[in-house]
Every structure is written in C-alpha cells, then in structure tokens.
Amino acid sequence: MCSSEHSEEWMLCPQCDLMTRLPPIAIGQKASCPRCHATLTINWSEPRKRPSGYALAALFMLLLANLFPFVSMHVSGLSSEITLMEIPQVMVSEDYTSLATLFMLFVQAVPAFCMVTLLLLVNPLPLPQPLRIGLARILFKLKSWGMAEIFLAGVLVSFVKLMAYGDIGIGSSFLPWCLFCLLQLRAFQCVDRRWLWREIAAEPPLPFRPQAGISGLKQGLRSCPCCTAVLPADRSVCPRCTTVAHARRRHSLQWTLALLFTSVIIYIPANILPIMVTEALGDKMGSNIMAGVILLWSDGSYPVALVIFIASIMVPSLKMLAIGWLCWDANGHGRRDSEKMHLIYEVVEFVGRWSMIDVFVIAVLSALVRIGQLMNIYPAPGAILFAAVVILTMFAAMTFDPRLTWDREPENMMKEPSLDGK
C-alpha cells in the first residue's frame, strides 16, 4: 500500500478517468488533463487570503444591495421603486410563492451561504471535523446553483424592455449588487478543490502504485466525485469525505434520459402558455416567450431580442438535443469521437443555467411595474413551467457521467499533465 504522501501525486481526471501523476506545480500554474484538457488543480498564491478577501467583500456588497432601493421607474408623473427584498414579496402576493422561493434560493441564499462557507473552510477556524466535511460537501454541490450574475443580466434586459414605457433609474444598491456578482465569482475561482480537501483531511493512501496514462476503471481504481481522492473501485464509501459513490454513476443514462424526457414534455406548454400578463388601462394581455422576442424585435431592440431568443429558446432546445446525443453516444453508438462529445458536455454544463434569465426578467418586471390603473405586470403559469424545464435539464446534465464517453477510447499512455500559467 502506498503512503498518503505519494497519493497526493496521483489524480484521476473527474471528466475522462485518466490516471495522471501531478508534477510540481509552481505558484500561479494549473495542471490540465493530457487527454480531455480539464483543469485538475491550480496552485493559487495566498490560497487563504485571496478567497477570504473576496468573500468578505462580496458579503458586504450583498448587505448594501439589500438595504437600499435597487431600481426605479417613472411613467407619466407616477413612479415605482423597489428593493431586492420586495421582488419575492410581490410574487408571493400574486400567489407565485414557487417563483419567489426560486428567487430567494438561487439569487440570494445560495450565493450568500457559499461565501460564508468559504470563509469557514479556507481559514483555520476551530470547527468540528464532521462539520467541516459536511460544509465542504455542500459547498461544491451548490456552486452551480448560485445565479446572482444571471439575475443581473435579467435586470439589464428588463431595463431595455421598460425604456419604451418610461424612465428607468438605478438605485443606491445597484452598484453594490454588480460588485457582489463579480466578487463572489472571483472568490470561487480562487479556491482549488484539491487544496481545500487537503486542508480538511489527509488524502487516503493508495492501495497500490497506479500506472499513468491508463483509466482508473481498468486499474481497479475510482475517483471520489467530492474530494477527488483515488480509491479502490470496489470501495463505495470515501474514508475522507464519507461520500458514497461508485466507479461510474449508477444508472446514469437512465436517470439522465428520464429527466430529459420530463423536461421535453414540460417544455411544450412552457412555450405555449403565457409567462407574464401585462395589464394596461384595464386591459390584460398575456405573452409567451416567443411573443416577447417578437415584440422586442419589432421595437428595434435587436440585441436584447437576440439575447432572449438565444437564452430562452435556442439554449434549452439545443441543450436537450445535446443531452440526448451524449446519451446516445455513451450507449455505444456514434463515431467514438470522445473529444467532440466532451466539448459538447462542457458547453451544456456551462450554458444551461443561463436560460433562467427570462424567469428573472419576469421577477423584476412584476415587482417594478406597479403603477395603479396605468400599467401592471404579473407572472403567469408559463414562467413556473419554464423554470422547471431549466432545473430539470440542469439535473439531467449533472446525472450524466462524462467518463462514459471516454470508456471506449484507447489509452494514450500520456503520463504528464500539461501546465499552464494563471
């Protein structure tokens, strides 16, 4: 059995399962997988101070963003002003508690929790070991569900939509929110998962000396999906983070396809039913996603119309097609072009959550446009269905195991990962 010191030199790529031996990594460099080019680890300078500073600044900006007015609207001598906390309150008052819950979770609670958790983990605080392990497990699972920057993009789109009706102003909390979005992204970027888990607990020793350039599955080894520890393939519980996993995700294709088919079924009424209702001078008019794109295009707002069309129509449709293609290829069909399929998987993972931009546009419009009998905007059932489609496709991408696309590839016997400067 190898010692834990030697186990830190070895890593299984979480994307393609290639065994690599990590060379000495200088400060500011990152190691990438020689087969799929996924980032394996980054040696950040000042790994405690940098994320701590960014996380503290982000939390302070979040506090300021919730204390003061966010945006305002002036129409025909009437004005409307909202704070961030009033947005979910309006949705609850209109019996759309589900949308309010999604807003509070994805836009406020998850990013704030992640920043607090980063501060607790990167600094040597006297926390119980089970608590540190539990927080670290939750942190990396929640990382994809923070959507503060997507909400900011939705606010900017809302501005363009409302400029045709009146004057739009930004409040004192708008700039702090923009800074919060940037700072929380930077805080996450400056934390290396492998380094953080080494600070929490030592890496378990290897059962034997592995061979570089060969997949872990063919050597009887697997990677822990949470802490990246290399473990025997038949060991289901990680001794470091207690995560239960297997060499490949159990029933990965079945779960992915089930979620995909469900999202396809919901996607049809989500595009047919209205996502918001506009009440102007007593007349109510519902509009779906495509109608909103056509309206923006007819008003001359071509860039915004393209953004909404791409994010809300093209991205969900292409994402569902891409997930189906990935499952078809992983099931043994296709031309065995693993590099291309891996690129498709990375794109699907990155762009999927940006489809929530239209839901956040509705949240801002319904909270801000409250001008008595002149004009009011309300959310509609289509918004809930569309949010469900986005969430289901995100889960579908998460349940898909990208290593399945590489299992049919011949081993390339590359031993050294590539090093790049950061």
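About the thresholds
- Residues numbered from 1 in each chain as written.
- Predicted model: local features only at pLDDT ≥ 70, side-chain atom pairs only at ≥ 80, totals over all residues.
- Heavy atoms only, no water.
- Domains from an automatic or database assignment.
- Contact = heavy atoms within 4.5 Å.
- Buried area = accessible area lost by both parts, 1.4 Å probe.
- Salt bridge = Lys/Arg side-chain N within 4 Å of Asp/Glu carboxyl O.
- Polar contact = N/O pair within 3.5 Å; in protein donor to acceptor, adjacent residues only side chain to side chain.
- Nonpolar A, V, L, I, M, F, W, Y, C, P; charged D, E, K, R; others polar.
- Helix = DSSP H or I, 4+ residues; strand = E, 2+ residues; numbered from the N terminus.
- Buried < 20%, exposed > 50% of the residue type's maximum accessible area, 1.4 Å probe, protein only.
- UniProt positions renumbered as here; feature names shortened; annotations may be inferred.
- Pairing = 2+ DSSP bridges.
- Axes fitted to C-alpha atoms, helices over the stretch in contact; angles between N-to-C directions.

With that out of the way, let us pick up the domain arrangement of the protein. Often, the extent of an interface is quoted as the loss of accessible area on bringing the components together. In terms of domain boundaries, the protein breaks down into domain 1 (10–43 + 202–232) and domain 2 (248–406). Using only C-alpha atoms to locate each centre, domain 1 and domain 2 end up separated by 34 Å. Contact residues are listed per partner, giving eight residues for domain 1 and seven residues for domain 2. A combined buried area of about 770 Å² lies between domain 1 and domain 2, and 51% of that area is made up of carbon and sulfur atoms. The interface formed by domain 1 and domain 2 holds one salt bridge in total. The interface formed by domain 1 and domain 2 includes two residue pairs in polar contact (both at pLDDT 80 or more). Grouping the constituent residues of the side of domain 1 that touches domain 2 by class yields four nonpolar, two polar and two charged.

Per the counting criterion, the structure on display carries seven salt bridges. Between Asp-17 and Arg-248 there is a salt bridge; the shortest N-O distance is 3.0 Å. Of this pair, Asp-17 sits in the loop between β1 (10–12) and β2 (19–21) while Arg-248 sits in the loop between β9 (230–232) and α9 (252–272), placing them 231 residues apart in sequence. We note a salt bridge from Glu-149 to Arg-353, for which the minimum N-O separation is 2.5 Å. Placement of Glu-149 in helix α6 (residues 148–162) and of Arg-353 in the loop between α12 (338–351) and α13 (357–368) is noted, with a sequence separation of 204 residues between them. Its relative accessible area of 10% is what places Glu-149 among the buried residues. What you see here is one network of salt bridges that share partners, running through Asp-17, Arg-248 and Asp-407.

As recorded in UniProt, the sites labelled "transmembrane region" (unreviewed entry) are residues 54–76, 96–121, 142–162, 168–188, 257–277, 304–329, 350–371 and 377–400. Taken as a whole, residues 257–277 contains 76% helix and 10% strand, while its terminal C-alpha atoms sit 33 Å from one another. The distance from the first to the last C-alpha atom of residues 377–400 is 38 Å, and the span holds 79% helix and 12% strand.

Our focus in this paragraph is the side chain of Thr-243. The topology assignment puts Thr-243 in the loop between β9 and α9. Exposure remark for Thr-243: the relative accessible area of 8% places this residue in the buried category. Reaching out from Thr-243, the side chain makes a polar contact with the side chain of Arg-137 at a distance of 3.4 Å.

This next bit is on the sheet that holds strand β6 (residues 78–82). Paired through their backbone hydrogen bonds, the strands of a sheet run either parallel or antiparallel. Spatial strand order, β6-β5-β7: three strands in an open sheet with antiparallel pairing. The sheet terminates laterally at β6 and β7 (167–170), the two strands that pair on one side only. Averaged over all adjacent pairs, the angle separating strand axes in this sheet is 15°, with direction ignored.

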